[in-house]
Amino acid sequence: MSAITNHMPTAELQALDAAHHMHPFTTNKELAEKGARIITRAQGVTLTDSEGNQILDAMAGLWCVNIGYGRPELAEVASRQMRELPFYNTFFQTTHVPAIALSSKLAELAPGDLNHVFFAGSGSEANDTNIRMVRTYWALKGKPSKSIIISRKNAYHGSSVGSGSLGGMTYMHEQGGLPIPDVHHINQPHWWAEGGEMSPEDFGLARAQELEQAILDLGEDRVAAFIAEPIQGAGGVIIPPATYWPEIQRICDKYEILLIADEVICGFGRTGNWFGSITVGIRPDIMTIAKGLSSGYQPIGGSIVSDEVAAVMDSAEFNHGYTYSGHPVAAAVALENLRIIEEENVIGHVRDVAGPYMKKKWEALADHPLVGEARIVGLMGSIALTPHKDSRAKFASEAGTVGFICRERCFANNLVMRHVGDRMIISPPLVISTEEIDTLVERATKALDECYAELKKRDLL
Ligand code: PMP
């Protein structure tokens, strides 16, 4: 077979892709008919496809390319590390400098006494670690009955058997025998969709108090931990009412339930602080990290653990680990990424420049006839599409029909926005400039206008 390169015609590449590549979260048969879009290169916030289109990536890949594409420093570090020590494990009483340096740096950056890191290759793997870690923690403390992990409906924590069970996506549970035992889901703090006549504040409190009720129903002696994303990402960028998190923290403290903050999206500047936990004001016992840890340049994730949890876990062997836990190349690249975030004040840029600028423009989209609410924290935002703003009505068409149309209009206008049902979401690279934000919002507005016209034409409003 001759070499397959960027220079081949798009149709040929698409045919080979359809013949051999099974895409995640995709109906591959449908995609094969349509042909996948082939991304060939990227720089800053802009993707180039095989047809030469220049596309503004308002999703930073999969919420991960925090420092933007094309930073040569990361490539140089990876190359250097591959030459020096491309792989070694940390299982059998050995370690290496990249793992030492990255865990030390994360301990410095993480809030409170989160000073210990267990590495994984991804967010899913890290959450699988967390399931086994919190159950083992309680067993080591003489309370093996504390094994239930409470999570939330419409949460996303990964797609392995364990992390997919923690997640609250019913369409995922329908495949492959999920959830595993001893995972319990409570309702999400999604006021727009589920708040009814309640004020957001009352609703936030009520949804948080479902945690307390679940602990009482299940029994305090059965519950190990509560896991949640500070701001739900894949569920549709759902920003909880301000009353929600303080009440969750109160309940976790009262019943001594370990709090796991899944920072896979919120971490590393996304919300305008190093971690979403800081933004929402919580003190987790464990944080899940991935994505922005390396800005997606290398696959790496992990669990950052408190002094107390680590002290208990350190008293016995934890029969757990991955070949690529603390992979030296991934760790070295992550460390360089953190250096860039810190030295270039990327988080200050989100907090003081790009975030406030985007917020003003993004929230103004709520004036569009198709948009119910437009909300954003730092640089993760969402808009709810609705046929009727005041009643927060849903479309009569199957959920996601309108969102899909809108996403197609975004693509046609060289903008990557994602849809979750009939919500549109963004999470651009954190280094996005104000000019690029102007372009993003211009293209989004045009896509919304075109979507609106199409809905009228197809009688979907
Ligand atoms: N947790 C959260 C909050 C996520 O958003 C994701 C991925 N979107 C994961 C975990 C899983 O991470 P990965 O895809 O790296 O396994």
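Everything numeric here is computed off the predicted structure, so don't read it as measured data. (Residues numbered from 1 in each chain as written. Predicted model: local features only at pLDDT ≥ 70, side-chain atom pairs only at ≥ 80, totals over all residues.)

Student: Describe the overall build of the protein, listing the residues and the values that go with them.
Tutor: Secondary structure summary: the protein contains 17 helices and 15 strands in total. Its C-alpha atoms give the protein a radius of gyration of 22 Å, within 12% of the compact-globule value 23 Å for 461 residues. Oriented by its inertia axes, the alpha-carbon framework of the protein measures out at about 65 × 60 × 45 Å. In the protein, which comprises 461 residues, the share counted as buried stands at 48%. (Helix = DSSP H or I, 4+ residues; strand = E, 2+ residues; numbered from the N terminus. Rg over C-alpha atoms; globule rule 2.2 N^0.38 Å. Buried ≥ 20, exposed ≤ 12 C-beta atoms within 10 Å, placed from the backbone.)

Student: Got a sec to walk through the site of the ligand? Specific residues and values, please.
Tutor: Of all residues adjacent to the ligand, which total 16 residues, the nearest are Ser122, Gly123, Ser124, Gly158 and Val264. Of the residues contributing to the shell around the ligand, the split by class is 6 nonpolar, 8 polar and 2 charged. (Near = placed C-beta within 6 Å. Nonpolar A, V, L, I, M, F, W, Y, C, P; charged D, E, K, R; others polar.)

Student: Kindly report on unusual backbone geometry, identifying the contributing residues and their values.
Tutor: Following Leu178, the chain continues into Pro179 via a peptide bond in cis, with omega recorded as -5 degrees. Looking at the secondary structure, you find Pro179 in the loop between α8 (170-173) and β6 (183-186). The phi torsion at Trp63 lies on the positive side, around 60 degrees, for a residue other than glycine. Within the secondary structure, Trp63 sits in helix α3 (residues 60-63). For Asn414, which is not a glycine, the phi torsion comes out positive at approximately 60 degrees.

Student: Lay out the pairing of strand β7 (residues 223-228) with the relevant residues and their values.
Tutor: Counted residue by residue, β7 has 6 buried out of 6 residues, so it is predominantly covered. Across 3 bridges, strand β5 (residues 148-152) lies against β7 in parallel orientation. Of the residues in β7, the one forming a bridge with Ile150 is Phe226. Bridging between β7 and strand β8 (residues 258-262) involves 4 bridges; their strand directions are parallel. Following the sheet pairing, Ala228 is matched in β8 by Ala261. (Pairing = 2+ DSSP bridges.)

Student: Give me the nonpolar core: which residues, what numbers.
Tutor: Counting 126 residues, the largest nonpolar core has Ile149, Phe226 and Leu415 as its most contacted members. Both domains that furnish three or more residues to this core are identified here as domain 1 (37-67 + 345-457) and domain 2 (73-343). Contact partners of Leu415, with chain neighbours within four places excluded, come to Ile55, Leu56, Ala58, Cys410, Leu440, Arg443, Ala444 and Ala447. (Core = buried A, V, L, I, M, F, W, Y, C linked by C-beta atoms within 7 Å. Domains from an automatic or database assignment. Contact = placed C-beta atoms within 7 Å.)

Student: Describe in detail the packing of helix α16 (residues 401-412) against helix α17 (residues 434-457), supporting the description with residues and values.
Tutor: Two elements in contact, α16 and α17, have axes whose closest approach is 8 Å; the angle formed by their N-to-C orientations is 130 degrees. Considering their axes alone, α16 and α17 lie oblique with respect to each other. The way α16 lies across α17 gives a crossing that is right-handed. The residues of α17 that touch α16, namely those facing Val402, Ile405, Cys406, Arg409 and Cys410, are Arg443, Ala444, Ala447, Leu448, Glu450, Cys451, Glu454 and Leu455. For the contact of α16 with α17, the per-class residue count stands at 9 nonpolar, no polar and 4 charged. (Axes fitted to C-alpha atoms, helices over the stretch in contact; angles between N-to-C directions. Parallel < 35°, antiparallel > 145°, perpendicular 65-115°, else oblique. Left-handed = near helix turned anticlockwise from the far one by under 90°.)

Student: An account of the domain arrangement of the protein is requested, with residue identities and associated values reported.
Tutor: Partitioning the protein into domains gives domain 1 (37-67 + 345-457) and domain 2 (73-343). Taking only C-alpha atoms into account, the centre of domain 1 sits 26 Å from that of domain 2. Listed as interface residues are 28 residues of domain 1 and, on the opposing side, 24 residues of domain 2. Breaking the side of domain 1 that touches domain 2 down by element, the ones donating at least two residues are α3, α15 (346-364), β11 (371-377), β12 (380-385) and β15 (423-426). Of all the elements, α15 adds the most residues to the side of domain 1 that touches domain 2, at 5 residues. Of the residues assigned to the side of domain 1 that touches domain 2, the class counts are 14 nonpolar, 9 polar and 5 charged.

Student: Pulling in residues and values, what's your account of the environment of Ser306?
Tutor: For Ser306, the location among the structural elements is in strand β10 (residues 301-306). In this structure the C-alpha to C-alpha distance between Ser306 and Asp285, which are 21 residues apart in sequence, comes to 5.3 Å. Setting aside residues up to four positions removed in sequence, Ser306 forms contacts with Gly112, Asp113, Leu114 and Asp285.

Student: Tell me about helix α11 (residues 244-255), and name the residues and values.
Tutor: The end-to-end C-alpha distance of α11 is 17 Å, a good match for the 16 Å that 12 residues give at a rise of 1.5 Å each. All of the buried residues in α11 are Tyr244, Trp245, Ile248, Ile251 and Cys252. The buried residues of α11 occupy one face: seen down the axis, they fall within an arc of 120 degrees. Along α11, the residues that are exposed and aim more than 90 degrees away from the buried face are Asp253 and Lys254. Residues of α11 that are buried make contact with α10 (200-218), β7, β8 and α12 (276-280). Positioned one or two residues after α11, Glu256 has a phi angle of 50 degrees, which is positive. (Expected span 1.5 Å × (residues − 1). Arc of directions from axis to C-beta.)

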